[in-house]
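# Architecture and fold: a report
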Amino acid sequence: MKGFTLLEVMIALAIAAGVLLTVISSVNYHLSIVGDDREETVAALVGRAKLEDPDFVKISEKKGTFAPEHPELSWERETTPTELPTVSRTVLTVSWQDGKKRLSLVQFTSK
């Protein structure tokens, strides 16, 4: 007789199921990493754009959002003097997911 026994087929199916579960969980994990990286990249880009805006230094607000383009992102600015009298340090913190994730950008500017 030629062919596979029931035991051989069941072992082959168990191995295939194990490999398939491993592949699916690996793809799912890596997709979540890609999503996190996308969020962080968007936060860095909009934060840099905000810091490079010449009117940003002039506004008196210390907090805000990036609405309407990115309403899920908020920003907070802190400006402090440095040891050099003509240089100030600006820290722009971009946060998302209700403040659970944060990214800080630092810029030194002359007065």
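Everything in this summary refers to the structure shown in the same document. This one's a predicted model, so the numbers in the text were calculated from it and none came from an experiment. (Residues numbered from 1 in each chain as written. Predicted model: local features only at pLDDT ≥ 70, side-chain atom pairs only at ≥ 80, totals over all residues. Heavy atoms only, no water.)

## Points about the environment of R48
- Along the chain, the position of R48 falls in helix 1 (residues 6-52).
- Along the chain, R48 and I59 lie 11 residues apart, while their C-alpha atoms are 16 Å from each other. (Helix = DSSP H or I, 4+ residues; strand = E, 2+ residues; numbered from the N terminus.)

## Details of the pattern of salt bridges
- Counting across every chain of the model gives three salt bridges.
- Here E39 and K101 are joined by a salt bridge, their closest N and O atoms 3.8 Å apart. In this pair, E39 is assigned in helix 1 and K101 in strand 4 (residues 101-110), connecting sequence segments 62 residues apart.
- The exposure class assigned to K101 is partly exposed, which follows from its relative accessible area of 26%.
- Note that R48 is salt-bridged to E52, the shortest N-O span being 3.8 Å. Within this pair, R48 and its partner E52 are both found in helix 1, separated by four residues, close to a single helical turn.
- You can call R48 partly exposed: its relative accessible area is 47%. (Salt bridge = Lys/Arg side-chain N within 4 Å of Asp/Glu carboxyl O. Buried < 20%, exposed > 50% of the residue type's maximum accessible area, 1.4 Å probe, protein only.)

## What to know about the packing of aromatic side chains
- Tallied over the entire structure, the rule returns one aromatic pair.
- Ring geometry for F56 and W75: centres 5.2 Å apart, planes at 75 degrees, overall edge-to-face. Taken together, the positions of F56 in the loop between helix 1 and strand 1 (63-66) and W75 in strand 2 (residues 70-81) put the pair 19 residues apart, joining distant regions of the chain. Residue F56 shares its accessibility class with W75, and that shared class is buried.
- Between the NZ or CZ atom of R77 and the centre of the ring of F56, over which it lies, the distance is 4.8 Å. (Phe/Tyr/Trp six-rings, centres within 6.5 Å; stacked < 30°, edge-to-face > 60°. Lys NZ or Arg CZ within 6 Å of the ring centre and 35° of its normal.)

## Topic: helix 1
- In this model helix 1 runs 69 Å from its N-terminal to its C-terminal C-alpha over 47 residues, within 8% of the 69 Å that 1.5 Å per residue would give.
- Within the sequence span of helix 1, burial applies to A43, V46, G47 and L51. (Expected span 1.5 Å × (residues − 1).)

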